[in-house]
Amino acid sequence: MRAVVITQPGRFSLETLPDPTAGPGELVVAPDGCGICGTDLHILAGEVPFTSYPIVPGHEFSGTVVEVGEGVDHVGAGDVVAVEPSLFCGRCRPCRTGRENLCENFDSIGVGRQNGACAELVVVPGHKAFRLPEAIPRAWGSLVEPVSCAVHGFDMLEARLGDHVLIYGAGTMGLILTQIAAHHGAGSISVVDTNAARLPRAEQAGADFVASRPDEFDRPEGWDAVIDATGAVAAIEDAIRRAARGATVLLFGVAPHDAQARFSPFRVYNAELRIIGSMAIRHSFERALHLMGRRMINGDLLQTHRFALDEYAGALETFRRGDGLKLTVVP
Ligand SMILES: [Zn+2]
Ligand SMILES: [Zn+2]
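Chemist: Describe the overall build of the protein chain, and please don't skip the residues or the numbers.
Modeler: Of the regular secondary structure elements, the protein chain holds nine helices and 17 strands. For 331 residues, the compact-globule estimate of 2.2 N^0.38 gives 20 Å, and the C-alpha radius of gyration of the protein chain, at 20 Å, lies within 12% of that figure. Each principal axis of the C-alpha distribution contributes one length, and for the protein chain these read about 60 × 40 × 40 Å. Out of the 331 residues belonging to the protein chain, those deemed buried represent 52%. Considering only intrachain contacts with a sequence separation of at least 6, the fraction spanning at least 24 residues in the protein chain is 69%. Between the centroid of the 29 positive side chains of the protein chain and the centroid of its 40 negative side chains there is a distance of 5 Å.

Set out below in structure tokens:
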């Protein structure tokens, strides 16, 4: 099979690898779409501590089951599945207390030790494969992974009906969060992105107010739920300042691991702010499928470019330039 292989930090190439086979409890899937996200750039830069090279990247994917290992009976050959890429040890304390996304031995297909889906074939644990409902267009299958991260984010946010929501960032994640907030009974949704070209899509996704600078909004009392989907320190600091009394601030975007942000501890105390994080997927993959099956997420708003396997370099270049939104590799 052909596969994109990141051989070491900074180097990748299109290679021919032996076709993988399904061991007990496993499936072989032929990916039909694999999303590119910031994590892929971090793997290439050598910034993910648990990546073991060489690795085939690709953790946001769906595809057709082509081989079923012994003991897998919930899907069969020919089924179209979306795959939850996170791998948990099941033994550490977070795993034993139901917080598997915080596993001390966290691993992920296409990120850590197991080859991912920028390839013609990928092996996955059978229980991580979920049949894609007919109601979901196949091209949207690779969006289930990012949507399930946003669903977990909303679990953490614990927003109430009628809450006023402010979202920083109108990239793929910001637009998914906007759509969920719209269906979650937000009182209003404001979306800010310094790239004004992204704002019309935020309106299509359900934002009531959009701006390229948060000062353009007229809401001096602040917002009840503030979500950073950028990971930029300036946005995070601003988000905490604009939170209403009693508000929750969700840090959803991935900041650089050594970044530092400034905020007023007095204000956190005095306004009873909750500042929380949200990491990957927790029991939210199947629920993301249900939301998408009901068309609560419009994948057409999110997917902008498609690339063949041998165009991986161009896909990364397009991602780096910030052109478009979700880029999809079609192996
Ligand atoms: Zn990702
Ligand atoms: Zn664990």
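Chemist: I'd like a rundown of the coordination of the zinc ion (ligand 2), residues and numbers included.
Modeler: The protein atoms donating to the zinc ion (ligand 2) are Cys 89 (SG), Cys 92 (SG), Cys 95 (SG) and Cys 103 (SG), with metal-donor distances spanning 2.3 to 2.4 Å. Every donor counted, the four donor atoms about the zinc ion (ligand 2) form angles of 103 to 120° at the centre, which fits tetrahedral coordination. The motif formed by the donor residues of the zinc ion (ligand 2), counted along the single chain, is C-x2-C-x2-C-x7-C. One end of the pair, Cys 92, is in the loop between strand E6 (86–87) and helix H2 (93–96); the other, Cys 103, is in the loop between H2 and strand E7 (107–108), with 11 residues separating them in the sequence. When its relative accessible area of 7% is taken as the criterion, Cys 92 is described as buried.

Chemist: Provide a residue-level description of the side chain of Asp 228, including the pertinent values.
Modeler: Mapping Asp 228 onto the fold places it in strand E13 (residues 223–228). Buried within the structure, Asp 228 lacks any salt-bridge partner; its nearest side chain of opposite charge belongs to Arg 242, at an N-O separation of 11 Å. Leaving out residues up to four positions away in the same chain, Asp 228 has contacts with Tyr 168, Ala 235, Ile 236, Leu 250, Leu 251, Phe 252 and Gly 253.

Chemist: Mind laying out the pairing of strand E10 (residues 164–168), listing which residues take part and the relevant values?
Modeler: For E10, the buried fraction is high: four of the five residues fall into the buried class. Pairing between E10 and strand E11 (residues 188–192): five bridges, direction parallel. Looking at E11, one finds that Tyr 168 is bridged to Val 192. Taken together, E10, helix H4 (residues 172–183) and E11 constitute a β-α-β crossover, and its handedness is right-handed.

Chemist: Tell me what's going on with the environment of Val 191, and back it up with residues and numbers.
Modeler: Tracing the backbone through its elements, the reader meets Val 191 in strand E11. On a C-alpha basis, the gap between Val 191 and Ile 227 in space is 9.6 Å, while along the polypeptide they are 36 residues apart. Setting aside its immediate chain neighbours within four residues, Val 191 contacts Ile 167, Gly 169, Ala 170, Thr 178, Leu 199, Ala 202, Ala 207, Phe 209, Val 210, Ala 211 and Phe 217.

Calculation criteria
- Residues numbered from 1 in each chain as written.
- Chains lettered and ligands numbered in written order.
- Predicted model: local features only at pLDDT ≥ 70, side-chain atom pairs only at ≥ 80, totals over all residues.
- Heavy atoms only, no water.
- Helix = DSSP H or I, 4+ residues; strand = E, 2+ residues; numbered from the N terminus.
- Rg over C-alpha atoms; globule rule 2.2 N^0.38 Å.
- Buried < 20%, exposed > 50% of the residue type's maximum accessible area, 1.4 Å probe, protein only.
- Contact = heavy atoms within 4.5 Å.
- Lys, Arg positive; Asp, Glu negative; His and termini not counted.
- Charge placed at Lys NZ, Arg CZ, Asp CG, Glu CD.
- Donors = N, O, S within 2.8 Å, 3.2 Å for Na, K, Ca; no water.
- Tetrahedral: all angles 85-135°; square planar, octahedral: opposite > 155°, others 65-115°.
- Salt bridge = Lys/Arg side-chain N within 4 Å of Asp/Glu carboxyl O.
- Pairing = 2+ DSSP bridges.
- Right-handed = clockwise from strand over helix to strand, strands pointing away.

Read these as geometric descriptors, not functional statements.
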